[in-house]
Amino acid sequence: MKKSNKIQFNKDFFVGTAFSGTQTESGFNLDHKSESVWDLWYRTEPNKFFNQMNVVNNARLDYKKQIAKAEELSINSMRTSIQWTRLIPDGENVSEEAVKYYRNYFEEIKSKGIDLFVNLFHFDTPAWLYEKGGFETKEAIVKYTIYAKKAFELFGDIVDKWFTFNEPLVPVEMGYLNTFHLPGKIDVKKAMQSMHNYLMSHLFAVREFKKLNLKTEIGIILNITPVIPRSNSKEDLEAKEFADIFFYDCFLSPIYKGKYPDKLIEHAKVNGYMWEQTEEEIELINSKIGIDILGLNYYQPRRVQAAHNKEFVLDKPIEGQLFDNYKYPDAIINKHRGWEIYPKGIYDMLISIKENYNNPKVFIAENGIGVENESKFEKNGMIQDDYRIDFFKEHLKEVNKAISEGSNCVGYHIWTFIDNWSWLNAYKNRYGVISLDIKSGKLSNKLSFDWFKNFAIERGFDE
Ligand code: BGC
C-alpha cells in the first residue's frame, strides 16, 4: 500500500475564498447604484450572455446567509470587491446607503473571525466613465484615485487587506485585443494606453493609501499566467518573451523594478503604440512605491509558439503577430470548460515570481475549476465533484513545494465558495464548493465542501 503523505501548511496560512461584488451582489436598483459597463451591456444586448442570465446571487440583501456558509466552511479569510458604481454612483458623491450596506457586510464577516480582503475593481468600469472612453482616458486615473481614497477613508478601520485591482490586464486583453469585454474593438494602441492608465490608477491609489498611514496592507491581484514555449528554439523563446511582457511583466516590472521592460518600450516606439505618460507618472513609476502583498490568480498556463505573421499592425491582436497560441498535444483538458489542467504551472509561477522579483509576499488569490452542467454529477442530492477535490489537492501540493523551496506564499483562496455569475458565460461554468439553485436561490454543499473545510481547519491534508 502506498504510504500516505501529509501536505502541511503553517497555522497562519490564509485559507479562504474569492468572489466579487459585481458577480454576487445584484441589488441593481438599490443605494442609487449607477450602471457599470456590465449592467449597460446586459441592458442593451442580453442575448450575448449565456442563457440571457444576469446576476441572481443576492449578496446585497442576503449577505448574512452567504457569510454563514463561509463560517460553516471554517475559512479564515475571504475577498470580495466594492462596486464603485454602488459606493460613488456619479463618481463624486458617496451613497450613504451603500456605505451602510458595505459596513454591515464587512462587520458581519469580521464578527465570524474571518479576515477581510477587499478589492476595489473587478472589471466594473462605471458606465458614465466608459461612455467617455473608460481607461483609455486620463480622467479614469483621476476618478479612480478619488474613489479609492474615499474607500480607504470609509473602511480603513475594518478592512485587513486592500487590493486596487483584480486582473487589470483582463479588460485590456478582452476589450481591446478581443471582444469578450466592452468596447470589444481590436486596437493595440488603445490597449496599451489603457494598460498604462490602469497601472497609474493603481500607483496613485497606493500613494493615497500610504498617506493615510493605515496599519493594514495594500496590494494588487494579477493573473500571472505562466507562459510555456513550444520548444527552446530561438523563435519560440522570443514568442514566450513577448507573451511574458504583454501579459504580466508590463505590470510587475514597473511595480517591483520601477520601470517598464526595455523591450516593450522599444517595440512600442518602433511600432507606433507608445502610450502617453506625464512626467509625474514616470516619476511615480520610478519611485518604486511598492506594495505589501501580491495576489496571484492561476487557472491554466499559456502555451505559445513563434508567430506566423511577422508584420506588426495595430488593428490585429498581438496573438498571431508576436506569438501564436500553441495547442500542446499531451495537455490534460478540463473537457467541461476547455481549459488545460496543469498544476505544475502554479509552482512555476511562484518560483518565477520569487526569482525575478526578489521574492515578494504573495498569495494564491484565485484557483479553481469551472464545470458546465454540473448537476449531472449529482447523486443523493449532492454534486459529487471529486474532480474539484483532485484539482485543489494537485495545485496545493505544488504550492507547498514552492514554499518549501523558498516562495513567500502566505495563502490560498479558491474561486469560489458559492457558484456565481461569470461575465458573458453567466452561470454556464460552476466553480463553487456550494451549488446555487438559480431558480430558488437554495444553497447546497457539494462533496468538495467537506474536503475544503477539513483543509481549512487542518491547513493540511493527506496526499
Ligand atoms: C476572474 C473571475 C471569473 C473567473 C472564472 C477569473 O479570472 O477573476 O471573475 O469568474 O476567472 O472565469
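Treat the numbers as computed from the prediction; the structure is a model and nothing was measured.

What counts, and where the lines are drawn
Sequence positions are assigned chain by chain, starting from 1 and proceeding in written order. It should be noted that, the model being predicted, local features are given only for residues of pLDDT at least 70 and side-chain atom pairs only at 80 or more, the latter also being counted only at that level, while totals for whole chains, interfaces and linings use all residues. Heavy atoms from the whole structure form the basis of all side-chain values; hydrogens and water molecules are not counted. Strands here mean DSSP runs of E at least two residues long; helices mean DSSP runs of H or I at least four residues long; both are numbered from the N terminus. Atoms counted for the radius of gyration: C-alpha only. Globule rule: 2.2 Å times residue count to the power 0.38. Note on classification: 1.4 Å probe, protein chains only; a residue is buried when its accessible area is under 20% of the maximum for its type, exposed when over 50%, partly exposed between these limits. Residues are treated as being in contact if the distance between any of their heavy atoms lies within 4.5 Å. Accessibility throughout is a Shrake-Rupley quantity obtained with a 1.4 Å probe, and a residue counts as covered only by protein chains that appear here. Charged residues are defined narrowly, with Lys and Arg counted positive, Asp and Glu counted negative, and His plus the chain ends left uncounted. Here the site of a charge means atom NZ of a Lys, CZ of an Arg, CG of an Asp or CD of a Glu. Residue proximity to a molecule or strand is established when one non-hydrogen atom of the residue lies within 4 Å of it. In protein, a polar contact means a hydrogen-donor-capable atom and an acceptor-capable atom, both N or O and within 3.5 Å, with residues adjacent in sequence counting only if both atoms are side-chain atoms; elsewhere, any N or O pair within 3.5 Å suffices. When residue character is reported, Ala, Val, Leu, Ile, Met, Phe, Trp, Tyr, Cys and Pro are called nonpolar, Asp, Glu, Lys and Arg charged, and the others, Gly included, polar. The term salt bridge refers to a pairing of a side-chain nitrogen on Lys or Arg with a carboxyl oxygen on Asp or Glu at a separation within 4 Å. We call two strands paired when DSSP finds no fewer than two bridges between them. Axis lines are fitted through C-alpha atoms, for helices just across the contact stretch, and the angle between N-to-C directions can take any value from 0 to 180 degrees. Expected span, for any helix, means 1.5 Å times one less than how many residues it has. By definition, a residue's bend is the angle between the axes fitted to the seven residues ending there and the seven starting there.

Caption draft 1: Summary view of the overall build of the chain. Counting secondary structure elements, the chain contains 15 helices and 21 strands. Computed over the C-alpha atoms, the radius of gyration of the chain is 21 Å, within 12% of the 23 Å expected from 2.2 N^0.38 for a compact globule of 463 residues. Each principal axis of the C-alpha distribution contributes one length, and for the chain these read about 60 × 60 × 45 Å. The burial tally for the chain puts 60% of its 463 residues in the buried class. For the chain, restricting intrachain contacts to residue pairs at least 6 apart in sequence, the fraction spanning at least 24 positions comes to 78%. Roughly 18700 Å² of accessible area belongs to the chain as shown, and the carbon and sulfur atoms make up 48% of that amount. Across the chain, 61 positive and 66 negative side-chain charges occur, with their mean positions spaced 2 Å apart.

Caption draft 2: Looking closely at the site of the ligand. Near the ligand you find Gln-23, His-122, Asn-166, Glu-167, Tyr-299, Glu-366, Trp-415, Ser-422, Trp-423 and Tyr-431, and these make up its full shell. Ser-422 has a polar side-chain atom sitting 2.6 Å from an oxygen atom of the ligand. The side chain of Trp-423 places a nitrogen or oxygen atom 3.0 Å from an oxygen atom of the ligand. For the ligand, whose accessible area on its own is 310 Å², the fraction buried by protein is 91%. Considered class by class, the residues forming the shell around the ligand number 4 nonpolar, 4 polar and 2 charged.

Caption draft 3: A look at the pattern of salt bridges. Scanning the model with the defined rule gives 39 salt bridges in all. Measuring nitrogen to oxygen at the nearest pair gives 2.7 Å for the salt bridge that ties Lys-33 to Asp-39. On the accessibility criterion, Asp-39 (14% relative accessible area) is buried. Its salt-bridge partner being Glu-281, residue Lys-138 comes within 3.1 Å of it at the nearest N-O pair. With Lys-138 in helix α7 (residues 138-155) and Glu-281 in helix α12 (residues 279-286), this pair connects stretches of sequence that are 143 residues apart. In this structure Glu-281 comes out as buried when scored by relative accessible area, which is 4%. Among the charged side chains, a network of salt bridges with common partners joins Glu-374, Asp-385, Arg-388, Asp-419, Arg-430 and Lys-446.

Caption draft 4: Region of interest: the side chain of Asn-334. Here Asn-334 shows up in strand β11 (residues 333-334). The exposure class assigned to Asn-334 is buried, which follows from its relative accessible area of 6%. Setting aside its immediate chain neighbours within four residues, Asn-334 contacts Trp-339, Ile-341, Ile-369 and Gly-370.

Caption draft 5: Looking closely at the sheet that holds strand β13 (residues 362-366). With parallel pairing, 8 strands are arranged side by side around a closed barrel as β2-β3-β4-β5-β6-β8-β13-β17. Each strand of the sheet is rotated relative to its neighbour by a mean of 25°, with strand direction disregarded. Across the sheet, helix α13 (residues 344-356) is in contact with β8 (293-297), β13 and β17 (409-414); its angle to β13 comes to roughly 145°.

Caption draft 6: Structural detail: helix α3 (residues 59-72). Taking 1.5 Å of rise per residue, 14 residues should cover 20 Å, yet α3 covers just 17 Å from first to last C-alpha, more than 12% shy of that figure. Of all the bends in α3, the greatest measures close to 35° and is centred on Lys-65. Looking at the residues trailing α3, positive phi occurs at Ser-74, about 65°.

Caption draft 7: Quick peek at the sheet that holds strand β9 (residues 302-305). Strand order in this open sheet of 3 strands is β7-β9-β10, and the pairing throughout is mixed. Where the open sheet ends on each side, the last strands, each with one partner, are β7 (227-229) and β10 (324-325). Where helix α10 (residues 234-257) meets the sheet, it contacts β7 and β9, and its direction lies at approximately 135° from that of β9.

Caption draft 8: The arrangement of the pairing of β13 in detail. The buried fraction of β13 amounts to 5 of the 5 residues, a majority that puts the element mostly inside the structure. Inspection of the sheet shows β13 paired to β17 by 2 bridges, in the parallel sense. Residue Ile-364 lies in a different strand from β17, and its bridge partner there is Tyr-412.

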